[in-house]
Amino acid sequence: MIKIKALGAAHEVGRSGFHINFENTDILLDYGVKIAEDSMEYPIVPEGIVKHMILSHSHLDHCGMIPALFQKSRPTVYLTAPSLDIADILWEDSLKIARLEGTMLPFSKENIQDVFGHMNIVNYKQNIQIADNVSFEMFDAGHIIGSAITKLQFGKKSLIYTGDFKLEESSLHQGADIDIDSPNYLMIESTYGDRDHPKRKDVEKEFIENVKLTLDKGGSVLLPAFAVGRSQELIEILDKAAIKDVPIFLDGMGQKVAQIYMKYPGFIKESFKLKQALNNVHYVTSQEDRKKAVQKQSIIVTTAGMLEGGPVMFYLQKKKNDVKSNVFLTGFQMPGTNGDLLQTQKKVDVDGTLIDIKMPVKKFDFSAHIGKADLLRSINQWNPEKVICIHGDGKVVDDFAKTIKQDTGIDAQAPKLGDIIKLD
Ligand SMILES: [Zn+2]
Ligand SMILES: [Zn+2]
């Protein structure tokens, strides 16, 4: 029997963590954090000593808590090479932020070092034997660099854990590789189990048109963007659009992450295009550079994507009354974050004070997640006996499980936090 305990990402997006037990083997799938209003939420602590851990990809909601496992356990951590490099940046950054804010994290710098002593780099389509009767294989998930869909084999039974994935092609990634043999069980991310995204090509086109309109009016464009994936994608899209005479600046952690994208060109599509785009970009490395970037007409791609701190706050305050310029949001804004506040109330919180932003705000749906129709298409293709809907808000996963049953006739459920699912 396969037993799966939902430590997080059950009826919610964030703090992914699933602890699987099969005979004498245990495997933890992902172990992340949830960025909630004014705080961090952590997954449930796994029982006993964790011996094996598989990371789907390096977003904080999947990798953020891995070093904390090393307070008690010494698991072998299986992950792709880009995932390790990016996770390292994110872990170090989490420690830095905690230090600056005077808060405590449940792990130390030593624990990050511990991960490096226990990692096992995995390539796509490489069969890894964990125990006599347990093995797994990873497939490109098309979500961010190094992201993976994992197929696990437990004796005669198999299970696919999708992590976050996307079927549609984007500027940096081919769609996910879902050409995987039918599993018995499927654990599927359901972030957008309730809707479809507009076509990526259309979003890109509308985005570029709006950038050009703003520049034509003499305004600048401020682009708050996630450090992992979105910053690099926007830089490439802007470069391809060949916007002349207006400099493009890249600020924040997206710079470091871009170097990792360049270090692993085989993990992205047409890496020469990103390379060229990065060559044309101005890197912002000091406060002086920042002041220069806002003095003249410019396009600025900067962290934090949800406007929770980072250099974007400097630019926002400088440009807040500039009605000729625009701020374009290009990612999901978690309720309660500054990005959400900006989007819904045209205000942001700066050190406890709400300030008005007169600069116009527009949102573009550049999601790195799969939408409802493609989710159902994947389920039909994989045709499992049972689907477990995870990584989605409560109502979304419940409704999506019902939709799966109605549309495909396949059994589906959406576990709650702490639930244990038993699969024969
Ligand atoms: Zn993700
Ligand atoms: Zn996620």
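Please read these numbers as outputs of a predicted model, since none were measured by experiment. (Residues numbered from 1 in each chain as written. Chains lettered and ligands numbered in written order. Predicted model: local features only at pLDDT ≥ 70, side-chain atom pairs only at ≥ 80, totals over all residues.)

(A) The arrangement of the overall build of the chain in detail. Per the secondary structure count, the chain includes 13 helices and 24 strands. Relative to a compact globule of 424 residues, whose C-alpha radius of gyration would be 22 Å, the chain shows 21 Å and is just as compact. For the C-alpha atoms alone, the extent of the chain along its principal axes is close to 65 × 45 × 40 Å. A burial count over the chain gives 50% of its 424 residues as buried. Restricting to contacts in the chain with at least 6 residues of sequence separation, those with at least 24 account for 71%. (Helix = DSSP H or I, 4+ residues; strand = E, 2+ residues; numbered from the N terminus. Rg over C-alpha atoms; globule rule 2.2 N^0.38 Å. Buried ≥ 20, exposed ≤ 12 C-beta atoms within 10 Å, placed from the backbone. Contact = placed C-beta atoms within 7 Å.)

(B) A look at the domain arrangement of the chain. Here the chain is described as being made up of domain 1 (2-195 + 368-423) and domain 2 (200-363). Taking only C-alpha atoms, the centre of domain 1 and the centre of domain 2 are 28 Å apart. At six residues, the largest contribution of residues to the side of domain 1 that touches domain 2 is made by helix α3 (residues 81-101). (Domains from an automatic or database assignment.)

(C) How the structure looks around the sheet that holds strand β16 (residues 282-283). Here six strands make up an open sheet; going across it, the order is β16-β15-β17-β14-β18-β21 and the pairing parallel. On the outer flanks of this sheet lie β16 and β21 (361-363), each paired with one strand and no other. Pairing geometry for strand β15 (residues 248-251) and β16, over two bridges, is parallel. What sits directly across from Phe249, in β16, is His282. (Pairing = 2+ DSSP bridges.)

(D) Main features of the pairing of strand β18 (residues 326-329). Neither face of β18 is open: one carries Asn326 and Phe328, the other Val327 and Leu329, and all of them are buried. Pairing analysis gives two bridges linking strand β14 (residues 221-224) to β18, with the strands arranged parallel. Opposite Val221, over in β18, you have Asn326 as the bridge partner. Sheet topology places β18 next to β21; three bridges connect them, and they run parallel. Bridging across to β21, Leu329 finds its partner in Lys363.

(E) Region of the structure containing the environment of Asp356. Here Asp356 lies in strand β20 (residues 353-356). C-alpha of Asp356 to C-alpha of Gln317: the two residues are 39 residues apart in sequence and 9.4 Å apart in space. Residues within four places of Asp356 in sequence aside, it is in contact with Lys346 and Lys347.

(F) The nonpolar core, seen in detail. Formed by 122 residues in total, the largest nonpolar core has its most connected members in Met53, Ile66, Leu186, Met187, Leu223, Val301 and Cys389. Here this core spans two domains, and each of domain 1 (2-195 + 368-423) and domain 2 (200-363) adds at least three residues to it. In contact with Cys389, other than residues within four places in its own chain, are Ile188, Ser190, Gly193, Val397, Phe400, Ala401, Ala412 and Ala414. (Core = buried A, V, L, I, M, F, W, Y, C linked by C-beta atoms within 7 Å.)

(G) Quick peek at unusual backbone geometry. Here the residue pair Thr303 and Ala304 is connected by a cis peptide bond, since its omega of 5 degrees sits within 30 degrees of zero. For Ala304, the position within the fold is in the loop between β17 (299-302) and α10 (312-319). Not every positive phi belongs to a glycine, and Glu23 is a case in point at roughly 50 degrees. Take Glu23: there are 13 C-beta atoms within 10 Å of it, and that puts it in the partly exposed class. The phi dihedral of Asp245 is positive, around 75 degrees, even though this residue is not glycine. One can find Asp245 in the loop between α6 (230-240) and β15.

(H) Structural view of the environment of Ala241. Turning to its location among the elements, Ala241 is positioned in the loop between α6 and β15. Looking at Ala241, the number of C-beta atoms within 10 Å reads 14, which means it is partly exposed. When the C-alpha positions of Ala241 and Pro46 are compared, they lie 48 Å apart, and in sequence the two are 195 residues distant.

(I) Up close: the environment of Val281. Structurally, Val281 can be placed in the loop between α8 (271-280) and β16. Judged by the 19 C-beta atoms lying within 10 Å of it, Val281 is partly exposed. Linking Val281 and Asp411, residues 130 residues apart in sequence, is a C-alpha distance of 50 Å. Those residues within four positions of Val281 in sequence are excluded, and the remaining contacts are Ile235, Ile248 and Leu250.

(J) Summary view of the sheet that holds strand β3 (residues 25-31). Here seven strands make up an open sheet; going across it, the order is β8-β7-β6-β3-β2-β1-β24 and the pairing mixed. At either end of the open sheet lies a strand with only one pairing partner, and these are β8 (119-121) and β24 (420-423). If you compare each strand with its neighbour and ignore which way they point, the axes differ by 20 degrees on average. Here strand β2 (residues 17-22) runs beside β3; their pairing, made up of six bridges, is antiparallel. Its bridge partner being in β3, Ile20 is matched across the sheet by Ile27. (Axes fitted to C-alpha atoms, helices over the stretch in contact; angles between N-to-C directions.)

(K) Main features of the packing of α3 against helix α7 (residues 254-263). In the contact formed by α3 and α7, the axes pass within 10 Å of each other and the chain directions differ by 170 degrees. On the basis of the axis angle, α3 is roughly antiparallel to α7. Residues Pro82, Asp85, Ile86 and Ile89 of α3 lie in contact with α7, whose contacting residues are Lys256, Val257, Ile260 and Lys263. For the contact of α3 with α7, the residue count by class is five nonpolar, no polar and three charged. (Parallel < 35°, antiparallel > 145°, perpendicular 65-115°, else oblique. Nonpolar A, V, L, I, M, F, W, Y, C, P; charged D, E, K, R; others polar.)

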